[in-house]
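Understanding the architecture of this molecule
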Amino acid sequence: MEYLEINGKAKLGGEIEVHGAKNSVLPILAGAVLIRGTSVIHNCPDLSDVRVTLEILKHLGAKVEKERRTLIVDASNITENSIPEVMMKEMRSSIIFLGALVSRTGKACLFLPGGCDIGLRPIDLHLKALERLGYKLSFDGRNICCEKGKVKGSRIVLPFESVGATENAILSSVFLDGTTTIINAAREPEIEDLANFLNSAGADIKGASTSVIVINGTNSLSSTEHTVIPDRIEASTYMSLAAITKSELYIKNVNHIHLAPVVPPFYEMGCALFAYENALKIKAPKKLRRVKLIQTRAYPGFPTDSQAMLMAALTVANGSSLIEENIFENRFRHASELMKFGADISVQSKIAVVHGVNSLHSTKAECTDLRGGAAVVIEALAAEGKSHITNIHHIDRGYEKIEKSLSSIGAEIKRIKNEEEC
């Protein structure tokens, strides 16, 4: 088992680059299944979730090549229509293959997906969307199977803005006769990125940045080339890191429009932000100010994925901050780990009150999930002394070699494989 050893209080500064968006590249790779040809996808990060996705593609019969951050997927010959348990349990987002695979082969069988334990994230929205289009579904307690019935374009109304359900609805309707309209669709930038990828291959998808998405069916998709958008959550992670460590960082490869929902709390904390072309500079004050209220919402609201890292920064702010989590019911699991460093946090239901403290101390802590793990790393970098962070496989799902990235800006962090030393 690997863990991170972090010496806190190191002086940070310089440039750090954001990689491609994890939440874009995974559905895009699933979408490559629809293309009877080659997809050349640039700006793909080397993440454990991406590696699992590539193994799924290979299992299905696709050929995959990797050249640095470019992936070349040839899905001309898809030979399988099922994904085994061992692959599906690695990540929750693997459910996105359901719509793509049944669209391509006429049938798909998937084991119930795994991933971070941050809440229910029910997949019934995905299934109801497919049923609305005419797909037949069955479930034996372990596997979900979907096959074409009398499928055709239809009107899908989502009860809330589910990103995954929106993506599955898009992927399952690209080849259907007629027009499919998704009402109350998720508006996240990653949805638009998926649509842009599919449109570049010949799909006809409109309104992907709005709450109403219209898909006009087409017969086939052809080879294409696409560049994944920057990871806005990774960018917000570095912003929180700069804030808690009183640093000045120049963050490269950002999309300012996508990042806009996370900016207001940093201004409220007293950070200075400077926008450049595809880059952002953040300069933290000597003492952070509290933030009155942060409410996580679907895009364009404050993203739930950025909540944990901002909470970490607020643990050393002057005063008490209030965070309301409205997306996932288990999204405060990292709070108890932050408290091991001396943070003062009280949680009740979906509300967390963060009382700022003057200093943090080193400790042994664990990553509860992907973003909670990033928050723990941020906390350790601001604490006095040497900390050990375990269960870092969660972090590897969304951050490419995080110890290498953070070392480049002065962090004293290293990955250690000897479990007995922890």
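Up top is the structure.
Per-chain numbering applies: the sequence of each chain, read as written, is numbered from 1 onward. The model is predicted, so local features are restricted to residues of pLDDT at least 70 and side-chain atom pairs to those at 80 or more, both for listing and for counting; the totals for chains, interfaces and linings are taken over all residues. Excluding hydrogens and water, the side-chain figures rest on all heavy atoms present in the structure.

What follows is about the overall build of the protein chain. In DSSP terms, a helix is any run of H or I states spanning at least four residues, a strand is any run of E spanning at least two, and both are numbered starting from the N terminus. A count of helical and extended segments in the protein chain gives 15 helices and 24 strands. Relative to the globule expectation of 22 Å for 422 residues, the C-alpha radius of gyration of the protein chain, 21 Å, shows essentially globular dimensions. Each of the three principal axes of the protein chain carries a C-alpha extent, and together these read 65 × 45 × 40 Å. Each residue is assigned to one of three classes by its accessible area relative to the maximum for its type, calculated with a 1.4 Å probe on protein chains only: buried under 20%, partly exposed between the two thresholds, exposed over 50%. Looking at the protein chain residue by residue over its 422 residues, the buried ones come to 57%. Should any heavy atoms of two residues lie within 4.5 Å, those residues are counted as being in contact. Taking the intrachain contacts of the protein chain between residues at least 6 apart in sequence as the baseline, contacts between residues at least 24 apart amount to 74%. Areas reported here follow the Shrake-Rupley algorithm with a probe of radius 1.4 Å; residue values treat only the protein chains shown as occluding. Here the protein chain has roughly 16,800 Å² of accessible surface; of this, 47% comes from carbon and sulfur atoms. Radius of gyration: over C-alpha atoms. The globule rule applied is 2.2 Å multiplied by the number of residues raised to the 0.38 power.

So, on to the state of the cysteines. Here, a disulfide means two cysteine sulfur atoms that sit within 2.5 Å of each other. The final tally for this structure, using the stated rule, is 1 disulfide. Note on cysteine connectivity: cysteine 109 is disulfide-linked to cysteine 145, with sulfurs 2.1 Å apart. Its torsion about the S-S bond being 115 degrees, the disulfide of cysteine 109 and cysteine 145 is classed as right-handed. Of this pair, cysteine 109 sits in strand β7 (residues 107-111) while cysteine 145 sits in strand β9 (residues 143-147), and the two are 36 residues apart along the sequence. For cysteine 109, a relative accessible area of 16% translates into the label buried.

The salt bridge criterion pairs a side-chain nitrogen of Lys or Arg with a carboxyl oxygen of Asp or Glu, the two atoms within 4 Å. Going through the model one piece at a time under the given rule, you end up with 19 salt bridges. For glutamate 55, the salt bridge identified is with lysine 58, shortest N-O distance 3.5 Å. A residue pair is termed a helical-turn pair when its members lie 3 or 4 positions apart in one helix, as glutamate 55 and lysine 58 do in helix α2 (residues 48-60) at 3 residues. Note that arginine 415 and aspartate 396 form a salt bridge whose closest N and O atoms lie 2.9 Å from each other. Note that arginine 415 is positioned in strand β24 (residues 412-416) and aspartate 396 in helix α14 (residues 393-396), a separation of 19 residues in sequence. Assessed through its relative accessible area of 24%, arginine 415 is described here as partly exposed. The class for aspartate 396 is buried, based on a relative accessible area of 16%.

In this description, a nonpolar core means a group of buried Ala, Val, Leu, Ile, Met, Phe, Trp, Tyr and Cys residues linked to one another through side-chain atoms lying within 4.5 Å. One finds Leu29, Ile83, Phe97, Leu98, Ile170, Leu198 and Leu221 to be the most contacted residues of the largest nonpolar core, which totals 73 residues. A per-element tally of this core places α2 first, with 6 residues. Leu241, Val316, Ala317 and Leu370 belong to the second-largest nonpolar core, a separate cluster that totals 71 residues.

Attention now moves to the side chain of serine 236. Mapped onto the fold, serine 236 is located in helix α8 (residues 232-244). Judged by its relative accessible area of 1%, serine 236 falls in the buried class. In contact with serine 236, not counting residues within four places along its chain, are Leu259, Val262, Phe266, Ser306 and Met309.

Another aspect to go through is the environment of arginine 333. With respect to the helices and strands, arginine 333 occurs in the loop between β19 (320-324) and α12 (335-339). Overall, arginine 333 belongs to the partly exposed group, its relative accessible area being 33%. For the pair arginine 333 and tyrosine 267, spaced 66 residues apart in the sequence, the C-alpha separation amounts to 26 Å.

Turning our attention to the pairing of strand β3 (residues 38-42). Two strands are counted as paired when DSSP detects at least two bridges linking them. Pairing geometry for β3 and strand β5 (residues 70-74), over 4 bridges, is antiparallel. Across the sheet, serine 39 pairs through a bridge with valine 73, a residue of β5. Strand direction decides the pairing type here: β3 and strand β14 (residues 224-227), joined by 4 bridges, are parallel. Its bridge partner lying in β14, histidine 42 is registered against threonine 227.

So, on to the sheet that holds strand β6 (residues 82-83). Taken in spatial order, the 4 strands make up an open sheet running β6-β7-β9-β8, and their pairing is mixed. At either margin of the open sheet sits one strand with a lone partner, and together these are β6 and β8 (136-139). Pairing of β6 with β7 involves 2 bridges; the strand directions are parallel. Its bridge partner being in β7, serine 82 is matched across the sheet by cysteine 109.

What follows concerns the environment of serine 222. With respect to the helices and strands, the residue serine 222 is situated in the loop between β13 (212-216) and β14. For serine 222 and glycine 37, which are 185 residues apart along the polypeptide, the C-alpha to C-alpha distance reads 5.9 Å.

Between N-to-C directions, angles span 0 to 180 degrees; the directions come from axes that are lines fitted to C-alpha atoms, helices contributing only their stretch in contact. Two numbers describe how helix α11 (residues 304-314) lies on helix α13 (residues 370-382): the axes approach to 8 Å, and their chain directions differ by 20 degrees. Accordingly, the angle class assigned to the pair α11 and α13 is roughly parallel. Where α11 crosses over α13, the handedness of that crossing is right-handed. Of the residues in α13, those touching α11 at Asp305, Ala308, Met309 and Ala312 are Arg371, Gly372, Ala374, Ala375, Ile378 and Glu379. Throughout this entry, Asp, Glu, Lys and Arg are counted as charged residues, while Ala, Val, Leu, Ile, Met, Phe, Trp, Tyr, Cys and Pro are counted as nonpolar. The remaining residues, Gly among them, count as polar. Considering only residue class, the contact of α11 with α13 consists of 6 nonpolar, 1 polar and 3 charged. For this classification, under 35 degrees means roughly parallel, over 145 means roughly antiparallel, 65 to 115 means roughly perpendicular, and everything else is oblique. By convention, the crossing between two helices is left-handed when the near helix turns anticlockwise from the far helix through less than a right angle, and right-handed when the turn is clockwise.

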